[in-house]
2 protein chains.
Amino acid sequence: MGKDDVKLLSMWASPFCMRVKVALAEKEVAYEEILENDLMGGKTELLIQSNPVHKQVPVLLHDDKPVVESTNILTYIDEVWPAKPLLPTCAYGKSRARFWADYIDRKVFPAGRNIWTAKEDGQVESARKEFLDILMYLDGTLGDKDYFNGDNFGFVDILLIGLTSWFPAFEKYGGFKVEDHYPKLAAWITRSYARKTVSESLTNPEKITNFVGMMRQMYGIE
Amino acid sequence: MGKDDVKLLSMWASPFCMRVKVALAEKEVAYEEILENDLMGGKTELLIQSNPVHKQVPVLLHDDKPVVESTNILTYIDEVWPAKPLLPTCAYGKSRARFWADYIDRKVFPAGRNIWTAKEDGQVESARKEFLDILMYLDGTLGDKDYFNGDNFGFVDILLIGLTSWFPAFEKYGGFKVEDHYPKLAAWITRSYARKTVSESLTNPEKITNFVGMMRQMYGIE
């Protein structure tokens, strides 16, 4: 794999970038990380050229060809570096993984944002309820398995574990603990963080919580 | 393919169901269509059991196993019946197709809904502008090609053509014509409708426009 030229346009607080870093680590693909440093929305020319429609990280540049959107990038990585597959091998298993990927992408992060941007107690309460209702389905589909697809850490695990770096911030501003509601899901988080590919790819949640606190001040929430 | 048991839980006005019908027709897969008849939200027990999270059509039942979400279903169909591939064959081409699929899924139908649910002229104008800005990118990526991936009608074409059954309603209530702004995209619609797999799978747009008019009355918009 040494001959591949792989770069990742990234931002340290983005849970979507963290997903891609975990996937590349799982596949043992070497890459250069190019950080977007302006958190206040300034974008590099390279980012704008590579993702002209959304102008967002992450962008994977593989031999200078841009692949964008984190879930799409994960599918691409799994196709280009097929050893240790992330997706199940059968078509039906794949369709189930894509279903949960879509569920996670549409629901989890927006619901979390509703928590930390809530200004009044009533808003916090309804945002917390919404978030916990979403996790209920994820906890249910995980069940007693070690990982979402069974014994192997894979596609759905990577998509969700990136987002969990923000969970302590959601917990702090929502006034709840995931483990009090969903101990199996909390154990899955701990189990996943024990993997070097995860712990070395994810930003320290404490740093994220401080970042969220800073954004709340900036938005006049507190 | 005769030994496959394929059923589609469907609703005649759903552009997402139409996509699946086009894909099955392109693949020459025989199936039984089971229509949800209650347009006002009553759901059959079969639908709720097959898609307990979203409780929405379309659902593809393949040998009684449910696959849900139209874009996911299309990917599944392409994997299970690989002859005449809908997705490009190379990983990079696939990633581009999935990128536009996601763009279409997130943007086009919600923007169209903003048009026909707008109550005041100012709202209509901004919804029209939003919708036309979205189509601009699709027109740009289509360019001078016959279809989105080149010469062959494929994945992105099917995802978008389903939605075009609603375009005349968007045009009527938005006060514009797609062909006045994007003649290449309009020609692509005409070219696609000339395919039997499309014309026989899509609900007549006039029927959709009447349906939208009925919903506008129901919602007190006119």
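Residues numbered from 1 in each chain as written. Chains lettered and ligands numbered in written order. Predicted model: local features only at pLDDT ≥ 70, side-chain atom pairs only at ≥ 80, totals over all residues. Heavy atoms only, no water.

> Sorry, what's going on with the relation of the copies chain B and chain A here?
A rotation about an axis combined with a shift along that same axis relates the two copies of the chain. Between chain B and chain A, the superposition needs a rotation of 180 degrees and an axial shift of 0.0 Å, giving an RMSD of 0.0 Å. Accordingly, the operation relating the two chain copies is best matched by a two-fold axis. Taken together, the interface assignments show that 100% of the residues at the interface of chain B recur at the interface of chain A, consistent with an identical surface on both copies. (Least-squares fit on C-alpha atoms with pLDDT ≥ 70 in both. Contact = heavy atoms within 4.5 Å.)

> I keep staring at the sheet that holds strand β3 (residues 59-62) of chain A and nothing clicks. Help me out?
Two strands in a sheet stick together by hydrogen bonds in their backbones, pointing the same way (parallel) or opposite ways (antiparallel). All names here are of chain A. Judged by pairing direction, the sheet is mixed, and its 4 strands sit side by side in the order β2-β1-β3-β4 without closing on themselves. For this open sheet the edge positions go to β2 (32-35) and β4 (65-68), each flanked by a neighbour on one side alone. Ignoring which end each strand starts from, the neighbouring axes of this sheet average 25 degrees apart. Here strand β1 (residues 6-10) pairs with β2 via 4 bridges, running parallel. Paired with K7 across the strands is E32, a residue of β2. (Pairing = 2+ DSSP bridges. Helix = DSSP H or I, 4+ residues; strand = E, 2+ residues; numbered from the N terminus. Axes fitted to C-alpha atoms, helices over the stretch in contact; angles between N-to-C directions.)

> What is the right way to look at the side chain of A:R98 in this model?
The residue A:R98 is located in helix α4 (residues 91-116) in this model. Once residues within four sequence positions are removed from consideration, A:R98 is found in contact with B:N72, B:T75, B:Y76 and B:E79.

> What am I meant to see in helix α7 (residues 167-174) of chain A here?
Owing to its 3.6 residues per turn, the α-helix aligns residues three or four sequence positions apart on the same side. Residue and element names in this part refer to chain A. The buried count for α7 comes to 6 of 8 residues, which makes it a mostly enclosed element. Within α7, burial applies to F167, A169, F170, E171, Y173 and G174. Just beyond α7, the residue with positive phi is G175, at close to 65 degrees. (Buried < 20%, exposed > 50% of the residue type's maximum accessible area, 1.4 Å probe, protein only.)

> Help me understand the pairing of strand β1 (residues 6-10) of chain B in this model?
Working note: regular strand, side chains alternate between the two faces of the sheet. Residue and element names in this part refer to chain B. With 5 of 5 residues buried, β1 is to be regarded as a mostly interior element. Bridge count for β1 against strand β3 (residues 59-62) is 4 bridges, and the pairing is antiparallel. Opposite L9, over in β3, you have V59 as the bridge partner. Between the parallel elements β1 and strand β2 (residues 32-35), the chain passes through helix α1 (residues 15-26) in a crossover that is right-handed. (Right-handed = clockwise from strand over helix to strand, strands pointing away.)

> Help me out: how do you make sense of the interface of chain B and chain A in this one?
It is common to give the size of an interface as the accessible area lost on bringing the parts into contact. Counting residues at the interface gives 28 residues for chain B and 28 residues for chain A. Contact with chain A buries surface across chain B, with B:V53, B:Y92 and B:F99 losing the most and accounting together for 25% of the total. Inspection of the region where chain B meets chain A yields 4 salt bridges. Here B:R98 ties to A:E79 by a salt bridge, and the two come within 3.8 Å at their closest N and O atoms. Where chain B touches chain A, the interface holds 8 residue pairs in polar contact (both at pLDDT 80 or more). The set of elements that each furnish at least two residues to the side of chain B that touches chain A consists of β4 (65-68), α3 (70-80) and α4 (91-116) of chain B. (Buried area = accessible area lost by both parts, 1.4 Å probe. Salt bridge = Lys/Arg side-chain N within 4 Å of Asp/Glu carboxyl O. Polar contact = N/O pair within 3.5 Å; in protein donor to acceptor, adjacent residues only side chain to side chain.)

> Sorry, what's going on with the packing of helix α6 (residues 155-164) of chain A against helix α9 (residues 183-193) of chain A here?
The relative placement of two packed helices comes down to the angle between their axes together with the axis-to-axis distance. Residues and elements named next belong to chain A. The contact between α6 and α9 brings their axes to 11 Å, and the two run at 95 degrees. By the angle between their directions, the pair α6 and α9 is classed as roughly perpendicular. Along its contact with α6, which presents D157, L160, I161 and T164, the element α9 presents W188, I189, S192 and Y193. Residues belonging to the contact of α6 with α9 are distributed by class as follows: 5 nonpolar, 2 polar and 1 charged. (Parallel < 35°, antiparallel > 145°, perpendicular 65-115°, else oblique. Nonpolar A, V, L, I, M, F, W, Y, C, P; charged D, E, K, R; others polar.)

> Quick question: what am I supposed to make of the domain arrangement of chain A here?
All names here are of chain A. Taken domain by domain, chain A comprises domain 1 (6-80) and domain 2 (91-218). If you average the C-alpha positions of domain 1 and of domain 2, the two centres end up 21 Å apart. At the junction of the two partners, domain 1 supplies 16 residues and domain 2 supplies 24 residues. Surface buried jointly by domain 1 and domain 2 totals about 1,800 Å² across both partners, of which 73% is contributed by carbon and sulfur atoms. The tally of links from domain 1 across to domain 2 stands at 2 salt bridges. Salt-bridge contacts for D105 lead to R19; the nearest nitrogen and oxygen are separated by 2.8 Å. Inspection of the region where domain 1 meets domain 2 yields 7 residue pairs in polar contact (both at pLDDT 80 or more). Listed by contribution, the elements that provide at least two residues to the side of domain 1 that touches domain 2 are α1 (15-26) and α3 (70-80). Element by element, the count of residues in the side of domain 1 that touches domain 2 is highest for α1, at 9 residues. Considering only residue class, the side of domain 1 that touches domain 2 consists of 11 nonpolar, 2 polar and 3 charged. (Domains from an automatic or database assignment.)

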